[in-house]
Structure formats: structure tokens, C-alpha cells
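# Analysis of the macromolecular model
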Amino acid sequence: MPKKESYDKVTGAGHYTGDAVEARIHHARMKISPYAHARILGIDATAARTAPGVRAILTGDDCGVLTGEEIRDRPIIAKDRVRHYGEVVAVAVADTEVQAKQAADLIKVRYDPLPVVLSPTDALRSDAPVLHERLGEYEKGEGVVSVPGTNVASVIHVRLGDMSQGWEQSETVVENAVAFKPSDHAAMETRSAIAEIKPDGRVHIVSSTQAPFAVKQYLGKYFGVDVGFVTVEAPLVGGAYGGKAAIQPELIAFLASRAIGGRPVKVLYTREEDMVTAPGHIGLEATVRLGSTKEGKIKAAHLIYRFDGGAYDDKSSDIARAAAGDCSGPYAIEHMHGECLTIYTNHPYPSAFRGYGHAELTFAVERAIDALAEELQMDPWALRMKNIVVPGDIAPTRDLLTPSNLGDLPACMERMKRLAEWDDWNLVQVDDHRVRAKGISCFWKNSSIDPNASSGAIVSFNPDGSLNLETGVVEIGTGTKTVLAQILAERMRMRTERIHVRFTVDTGISPEHWKTVASRGTFMAGRAVLHAADDAIRQLLSIAACVLRADPDDLELDCEKVFVRADPSVQIDVKEICYGYSFPNGNTIGGQIIGRGTYTQRRMNPMNPETGEGTPGPEWNVGAQAVEVELDTRDCSYRILKAVSVNDAGRVMNRMGALGQIKGAIAMGLSFANRETFLFDAEGRIQNPTLRDYSVFRYGENPAYVVDFVERPCLDGPYGARALGEHGLIGMPAALASALSRAAGVRLNRLPLFPERIWRARMGYADDTVSV
Amino acid sequence: MPMIPYPFDYYQPATVGEAVALFVDLDARGKQPLYFSGGTEIITLGRINEVYTEAVIDVKRIPDCREIGRRSGAFVWGAALTLSEIHDARLFPLLGETGAGVADRTSRNKITLGGNVCGRFIYKEAVLPLLLTDSPLRIAGPGGERTAPIGQLFDRTLRLGRGELLVQAMTDVRYAAFPYVTDKRRKGSAIDYPLLTVAAIRAEEGIRLAFSGVCAFPFRSTEMELILNRREVPAEERIATAIARLPAPILNDIKGSALYREYVLKVTLGETLERLEKGVAIG
């Protein structure tokens, strides 16, 4: 079943936010900071204000509202001080895009550079500049524990068992530290938003967002607008990866519109702005200490995660919380202590990134597991098998793991072992300079979202008996709308081609889907669709019962007909009843059938920040992955030959779609691990804020993808389906590092794995140049 | 989305003479004119205000700038030929393949030989084969036309006078028969600026080598060639001596540290010498 949006996309007919061209739309352009940390001494906008077509110049003085989902610490336009390279310091609003840019170029900003904080470790030093002196006063979300007076935005602890017992039972202890800096999502479509404020105060936003309902809610909250007065439209989104769950361009567009009497204003980020002004991918420094018996049974784990939360918190403390919940990786460890910190630095701030903290924690845990295997001289696969979670174990959140809420990791591991030909896992010398090596990883991920997050679906009939399916899921390229149509078709026992979906989400009419994040589209909207289908079926049978003079319980729906189960000759076409039924004399009963359904995850509750206890998500989905590389041991250049991913899909709903999701995620994980990072100079200025210098994986660079699925159903998922959207990425960085470490003969714990970085590790040189 | 935030005039002359006359006129009127070939650099740097002009003179409709073929024992390369066209013509693989290391195919369908050689970026890899073959360049300018071997014209950059236009390069056809190596090493991606590029041919008198990405400019060093051609000395020693005679410090930037570049240069030179001393042509 091809994705329903593909025809529009491949022909260029697909319409994105930035495509809107309308004479009455005005344009906003941002002026951004060239410093990572500086006092703003003054902004001279005299020339800009008088430039042709200019309607307004906005600075931090025009809006005192602080924004942020977990901690309200971020001004929409910097005021008095900038805290990261690329931060917005002014906005020019003009009649045309060119005039807006010319005006922005004319704005002169004077800065006084301040000392910078460029890593979590630096930020924790006692003499580090404190980036948010008012941290204690900021409004915070539930469960956010900050340490005012320091750069610690949030702390969360996860504790199981008794650590002293754990260490006592450990005969071998290893400690391994990993680190990587922030990077970008590099979605194809750069961010864009259009805002208009109508004379009666209604606010209309169009945005490249994956969270239109959150935009509506927060815009209302930040600006005191009744939430019903805000409508947000999300057309097709050209790649999001979590980055477009952050609310930023909408706020700029709103301020710009407000400044010119509510007329519509569009902001379209340049690639550079999309990289450094908009939030990116979180950085991390982590240390994992594992204790195990000689036989490889892990008894104790102390895991310290210091997330690089950048200049503003936004979602980073929530990413840290998600990582905390699954901090042990997919291992049953009796005694463990996880400490998850979110630290302010002068880096661009992060938003969600595909995997939401899990590729990050998995890198830390899996590198430590490999170190333990080395220490124990054990096959790393066998060591993992000895410790991975199975039903009956307890998660770090103290949830009991069951065959439904936990994917089948042993089966994934077995299948991966075969596909990766892991029996030959030792180094192979290809010629004088080249070696081949493999690396493996396994992972789990729970989808921790707000406990009350809901998803809805509306199903309405067309006169020909075909269906319209409306959900709040934004089509970000995952093909979810197609899968939802398949789910509906399956329940309605009709062809998917007869289900029509709409790609634009409009919060004014679409039922709410919390956010199109966390691999929850199929799971939650799928359940809502089933409810809506059942509702529509009930209505169909009820009217058919009347027409066919039969008990509704005796009726069946199939192939767009309703018939008596025991005597199918007594039947009526759906199209005869879906708009009500008209008797031959014109009398009509009923009207258009509209089915509705909503779904909320069961018995969710937030984690206790002191213990980690809670139920932040409904199910742990799992996978096992492997990578094979060929390394030139001289300059340490390498090729990635093969990438294997075996995921428990619960049930594969759309095979090509599922393969596409996994392969795309593998590519993204490898790209992150092998090349993607912001390169900062000593003052924290980003040296590669363009796609010229920020390289992403291209077609042709990809290895052979070997993807397979285990299908152990999740009883809560629609038809047993489990989450898949993020899960091809999570173990890839760890598997690549594992393979390259084996090939290079040295433990590689920093990303990205540039050949120079590997070479430096082999040669014993410092890992501190601007090139890595 | 590339939006150039300033207006500029566009001219499309039909002859070299017209182009130069236009330049002189526009320059006199303070238009800060630029010759415009593939346009990739003007567009991408223009949108971030790193290039400014009020008039561009597109040379792609000038037949001389588009010439490709053989004339009087030489290949003629019009400066407005795209790197893709030169590659696909397969007349001189060293030039075609070295040019094919620049950017990606889509960009190379626009990037021209003249633009690559005369542009602002420091790598200019297409110049390496011209340096190795000391190809004569035909240059037109307000003072008329001149032709001279590139060795006399190129020193870190092509030394053009104000208003001068690179029209053509000419390469003796006999070079097409020489064994060659062109080897581009990148930081880690299949498409990127060079960590370093080494291009080399084995001519009658010995191996010639030209480099990009090693220093902040492309160069050919006869001094290094002399050292590297002393075949009685072990290769490793020759390479170390040659590297000590580089014309400028090794680049140290986001693509690679000087330390790593030096190491990769050693490896690449070792392989280049090994291949050419064996006499095998390798692309």
C-alpha cells in the first residue's frame, strides 16, 4: 500500500508552509547573534526602520514573555543578553522578503562578549558563569527539579535495589565515559510559520510543526489568548525528527503580526537559521560504571548522564527524564542508580530528536557493556544475552515487564546474530592496511509522553460509501496517515483505496492528537481510529437493522455491504444507508454517518524525580542491531559495509512503510554517529552552520541494509502493532562505535567517529581540535 | 530559497570583446561588475552578503568560452565548460576526474572550469591538472588578449588584472597518454571539500605533483618534485623531506587538523609514488 501523500510529493504538488505566496502576507527576517554569550549593549535600528517597505523592527524590549515547555526561561527575542550562537536578537518585518532581509542586515547590534560555558563538565565547575541567575524564579513543569545558583536545569534520580550490595556482589567493575556535542536534525524543509491576528482577536497560525495542538495551547498561555481563539494549521511537513515539536517560528511570526496590526506575517528560516537558531539535537557527557560477576551477570550499575541542555531548557529536561526512565538500557540490573542532569551551556538549545534521549543513553550503556565484555573476555553478544530484560523483570521505573509491554528482545538478538553472521565476530585482516570488524548493540525505548495526552479520530462517509478519515496526526513523512487508513479499512472490512485522508491538520476541526512525536501516531491514533470505526459501524448496523428489519446483532459489515449473517441475501449497500436511508416515497431516516473515537494511554503517571518510580509510558519496544565496517588502519578512513536491524514491530502494518522507517532511521543514526556535529570554536561560535560544512549521509554512502522484524504483539496496540518510527536509529551509534573500536583496536567513546578522531585515539593524541 | 538581498543587472554578451568592454564600462560606472559563469559561488555567497555586485556579465553564451576539443595538438577548454561536461567528454581523464571530485554532480552541472579556477574558495581542484601540464591560458582584458603558461600566471590564485577574463585553457594532447594519479581525501563524507587532493602525472623527466587542501592554496612545487623524484632515496625519506619544503603551513581547520593532514599527505604521497613508479595509470 503506497503512502497516500506520495503522489503529491513526487510530483511537487505537495504544499508546505513555506510555499505560501500571497500578496497580503508580510515577511519577517531575523537578526541573529554571532556570539555564544554576550551582553547586548545596544541595538541601532535607525537605518533599518527607514528602509523601504519596513513595517516594524522588533527587539527583546517588545516582548517580555518567557517561554519554554519544562522551564519558562527563554525570551522569544533575546533581551540584554544572548546565550547561544544564532539566538534571535531582532526581527525585521517588511512588505517583501527581500526588504525584510535588507532591513535585518541594516540592524546594528553592539555586544560585549562574556565568558562561555561549552560543555556540561565546564558548566558544573564551581567558577563557571551562571547562565540563568533567575533559575529559581522561573515557572517550571511538574517534576522539574532545578538547582538555582548553578547551571543545573534539572536533576532526576532513578534507584533500584541497594548499590552497596550490588558492588559487593561484583567481581569485575568497569567504567566507561562517552561524549558528543550538539548537532542538527537537518530536515529537508526549513522551519516556517505564518501568523495572523484577526480584528476580533482570533489568532491563525500556519506552521511547519509536528505539534499544532501544543502550539495552540502554548500560544494561548504565553499571550493570554483564549485557547479557542487560536487555530493552528499544519500542512505537510518536510521532515521533522522531533525538531519541529519545538515552538519557535510561530512565536516570532505572532510577535511580528502583532506589531503590524495583526496582518499576516510569514517567517521562513534560512538553512543557517534552521541549524543554529532553531533547536537541534542534544549533546551528552555520560559515565557508566558496571559491576558484574566473573560469569558476566551484571549486579550493579551507576549511570551518570549529563545532558547538554544548551542555552534554554525547552524539552531538554524532559529528554533527560525519558532517558532516566530507561537509563539502564534493556538490562535487568538489580542494583542501580541513574543520575540524569540537564545542564545549561552556551550551545544552541535542543528539542526532541528521533529517539528522545535513547540513542544517547544507549550509546553510553552499550559502550560500557562492550568494555565489560572486553574486561571479562566474553563474546559481547553472549554477555548481552545474559543480562537482557525479559517479562517478569522490573524496569527502572519499577514497572513490571510483561510479554505485552515488553518486546521480545531475545528473539531480536537471535535473529540479529544470524543476519550479522556474528559467529565470525573477530577481526578480519583484508590486506596490509585494511581490516573488517563488526559491532552490535541492543536497546529499548518507552514512549514517555504526558499522562493525559489524547488522540482522536473522526470518520465520515461520502455518498458513495467511501470514507474520510480525520486525525490530528501531522504527516511528517512517516506514512502514518496511510497506516491509519489501513487500520480503518481493516476494521470496516473495505479497501484502503476507499479511505480518504486529509494531510493538513487544522486544530479548529481536527480532533486533537497531542503531538506527532514519540512514535505514538500509529499506536494512539490507531486506537482512536478503531473506536471511531466501531462507532460508525454501530450507526450503520442500527440503520441497516431498521431497513432490513433485523436485529443489529445479526448483521455483518463487509465489502461495503451490510447483510444478515445467517442469510447474506438479505443485504443492503453501505452507500444506501451511510447518508441515511431514503424510502421509495422519499421519506428519509438518519443522516450522514460520522464516527468518532478517542484514546488515552492507560494508567500513566509521571516519574518521581527522587526515585524514578512511575509509569511514564505504556510499553518498551526493543531491537538488536549490528554494523560491519572496513577500516584503513593508516588514515582510519572507513566504509560502513552493512547495517542490520531487527525490531519487534508487534505487527507489521505496512511492510514497505516499516522497512522505509527502519532504513531511514538507520541512515540517520549512522549519519549522526559518523559525521554529524556542530563544530564550535573556543568562543562557542559554530564553525559549520551550513550544509556545505555540516555533512549528512547521502544516497550511495549507505551500507547494505538488512532489516527484519520480530512480531510479538503489544496487546494495547492496534492489531498488536508496536512503535517503529524511531527505533531503527537508537542502537546504530553504539554498534558503529563498537565495530570501529574493534577494527581500530582502541575504545572509541566520542561521536562523531570522524577518521581523524579514530586516528587520534590510535595515536594517543588529544581529542580537542576544531576538526572533531 | 537562495535570495540575493540586493538588485543587480544581468548582461549576456556574445563575444569576448563585448564582455570585456562591458566590464570596463560597468566598472567605470561603479557597478562592481563580476564575470558570471556557473554562478554557484555568486549565488551562495551573495545570499549571505559575502559577494556584492550590481552587475553580472554572463560569459556562458560566448562561443570561445564554451569551446571544447582539439586544436593544433592541444585540448581546448573553454572556461565556461562545466566540470560535468569536461568529465563526460573523456578527452583528458586527469582533468575530468579531478574536476569530478568537486562538490556533487548536480553542482558540477553548473560549476565551470573558469569559475572553479578563479573562484574565491581556496581549493580550486580543477587547476591541479592545468598546473601539472603547465597549460597555456588565454586571457582577455581591457588591454587586449594574452596567452601564457599557467605556471607564469598562477601563484596561489590566478593573477588576473582588473577586468581580465579567463577565456580558455589549452593542454598539450600528449599529456593524455601519461600515467597519472588523482586522489582526493575527504574528512569522512563522499562529498566534501578536500582534506587534501593530490594530482600527479609521470612525464618524461619524472613525476609532477600538485596539491589542494594541503596549504591554504593549490600549488605545484618543482622543489618538492625534485626531492620526490630522487628514486635512489627510500620513498619514506623523500616524502618527509618534501613535506618539510611545503610552500606554506599545513591547513588546520574544521576539515582536519594540520597534524592529521600531514599524516594523510604522507600516506597519499606514498601511494601516489608507488603507483606512478610502477607505471600504472590509476584514476
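Looking only at helices and strands, chain A features 18 helices and 32 strands. Relative to the 2.2 N^0.38 estimate, which gives 28 Å for 772 residues, the radius of gyration of chain A is 27 Å and therefore close to what a compact globule would have. With the C-alpha coordinates of chain A rotated into their principal frame, the extents come out at 90 × 70 × 50 Å. Out of the 772 residues belonging to chain A, those deemed buried represent 60%.

What follows concerns the overall build of chain B. Helix and strand content of chain B: twelve helices and 14 strands. Against the 2.2 N^0.38 benchmark of 19 Å for 283 residues, chain B shows a C-alpha radius of gyration of 19 Å, consistent with a compact globule. Projected onto its principal axes, the C-alpha coordinates of chain B cover approximately 60 × 45 × 30 Å. Looking at chain B as a whole, 47% of its 283 residues qualify as buried.

What follows concerns the sheet that holds strand 8 (residues 108–113) of chain A. In a beta sheet, neighbouring strands pair by backbone hydrogen bonds and run either parallel or antiparallel. All names here are of chain A. Read from one edge of the open sheet, three strands run 6-2-8, paired in antiparallel fashion. Since the sheet does not close on itself, it has two edges, and those belong to strand 6 (81–82) and strand 8, each with one partner. By the bridge criterion, two bridges tie strand 2 (residues 38–44) to strand 6 in an arrangement that is antiparallel. Residue pairing in the sheet places Ala38 in a bridge with Val82 of strand 6.

Turning to the interface of chain A and chain B, a few remarks are in order. If you look at the interface, chain A gives 26 residues, while chain B gives 20 residues. Those elements that place two or more of their residues in the side of chain A that touches chain B are helix 3 (97–106) and helix 18 (755–763) of chain A. At five residues, the largest contribution of residues to the side of chain A that touches chain B is made by helix 3 of chain A. Taken together, the residues of the side of chain A that touches chain B sort by class into seven nonpolar, nine polar and ten charged.

Turning to the pairing of strand 20 (residues 454–461) of chain A, a few remarks are in order. Note on strand geometry: in a regular strand, side chains alternate between the two faces of the sheet. Residue and element names in this part refer to chain A. Taken across its eight residues, strand 20 has six buried, putting it largely inside the fold. In the sheet, strand 20 pairs with strand 29 (residues 594–600) via seven bridges, with the strands oriented antiparallel. Each bridged residue has a counterpart across the sheet, and for Ala457 the counterpart in strand 29 is Gly597. Here five bridges tie strand 20 to strand 21 (residues 467–471), and the two strands are oriented antiparallel to one another. Within strand 21, the position partnered with Ser460 by the bridge is Asn468. Where strand 20 folds back onto strand 21 in an antiparallel hairpin, the turn is made up of five residues, including Gly465, whose phi is positive at roughly 90°.

Here we take up the domain arrangement of chain A. Residues and elements named next belong to chain A. For chain A, the domain assignment lists domain 1 (26–114 + 185–276), domain 2 (358–449 + 618–763) and domain 3 (454–600). A C-alpha centroid distance of 40 Å is found between domain 2 and domain 3. Between domain 2 and domain 3, the contact holds 14 residues from the first and 16 residues from the second. Looking at side-chain class alone, the side of domain 2 that touches domain 3 contains seven nonpolar, six polar and one charged residues.

Let's shift gears to the confidence of the model for chain B. Detailed reading of predicted coordinates is not advised where the pLDDT is low. Within chain B, residue pLDDT values average 96, and 98% of them lie at 70 or more. Taken over the whole predicted complex, pTM reads 0.97, whereas the ipTM for its chain interfaces reads 0.96.

This next bit is on the domain arrangement of chain B. Frequently, the measure chosen for interface size is the accessible area that the parts lose on association. Residues and elements named next belong to chain B. Here chain B is described as being made up of domain 1 (9–58), domain 2 (63–175) and domain 3 (178–277). Using only C-alpha atoms to locate each centre, domain 1 and domain 2 end up separated by 19 Å. Across the boundary between the two partners, domain 1 contributes 13 residues, which contact 18 residues of domain 2. Counting residues per element, the ones that place at least two in the side of domain 1 that touches domain 2 are helix 1 (16–28) and helix 2 (40–46). No other element matches helix 1, which puts six residues into the side of domain 1 that touches domain 2. Split by residue class, the side of domain 1 that touches domain 2 holds seven nonpolar, four polar and two charged.

Moving on: the environment of Met763 of chain A. Mapped onto the fold, Met763 of chain A is located in helix 18. Met763 of chain A sits 17 residues away from Val746 of chain A along the chain, and the two C-alpha atoms are 9.8 Å apart.

This paragraph deals with the packing of helix 11 (residues 380–387) of chain A against helix 12 (residues 409–419) of chain A. All names here are of chain A. Two elements in contact, helix 11 and helix 12, have axes whose closest approach is 10 Å; the angle formed by their N-to-C orientations is 170°. Comparing their axes, helix 12 and helix 11 come out roughly antiparallel. Every pair of crossing elements has a handedness; the one defined by helix 11 and helix 12 is left-handed. Contact residues: helix 11 offers Trp381, Arg384 and Met385, while helix 12 offers Pro410, Met413 and Lys417. Within the contact of helix 11 with helix 12, the residues separate by chemical class into four nonpolar, no polar and two charged.

With that settled, the discussion passes to helix 12 (residues 258–278) of chain B. In this model, helix 12 of chain B (21 residues) spans 30 Å end to end at C-alpha, consistent with the 30 Å of a helix rising 1.5 Å per residue. Along its buried surface, helix 12 of chain B packs onto helix 18 of chain A together with strand 11 (180–185), strand 12 (196–203), strand 13 (206–212), helix 10 (222–228) and helix 11 (235–244) of chain B.

With that settled, the discussion passes to the sheet that holds strand 3 (residues 55–58) of chain B. All names here are of chain B. Within the open sheet, the three strands sit side by side as 1-3-2. Their pairing is parallel. Of all strands in the sheet, those bounded by a partner on one side alone are strand 1 (9–11) and strand 2 (34–36). Taken pair by pair, the neighbouring strands of this sheet meet at an average axis angle of 30°, ignoring direction. Strand direction decides the pairing type here: strand 2 and strand 3, joined by three bridges, are parallel. Within the sheet, the bridge partner assigned to Phe36 lies in strand 3 and is Asp58.

Definitions and cut-offs
Residues numbered from 1 in each chain as written. Chains lettered and ligands numbered in written order. Predicted model: local features only at pLDDT ≥ 70, side-chain atom pairs only at ≥ 80, totals over all residues. Helix = DSSP H or I, 4+ residues; strand = E, 2+ residues; numbered from the N terminus. Rg over C-alpha atoms; globule rule 2.2 N^0.38 Å. Buried ≥ 20, exposed ≤ 12 C-beta atoms within 10 Å, placed from the backbone. Pairing = 2+ DSSP bridges. Contact = placed C-beta atoms within 7 Å. Nonpolar A, V, L, I, M, F, W, Y, C, P; charged D, E, K, R; others polar. Domains from an automatic or database assignment. pLDDT = per-residue confidence, 0-100. Axes fitted to C-alpha atoms, helices over the stretch in contact; angles between N-to-C directions. Parallel < 35°, antiparallel > 145°, perpendicular 65-115°, else oblique. Left-handed = near helix turned anticlockwise from the far one by under 90°. Expected span 1.5 Å × (residues − 1).

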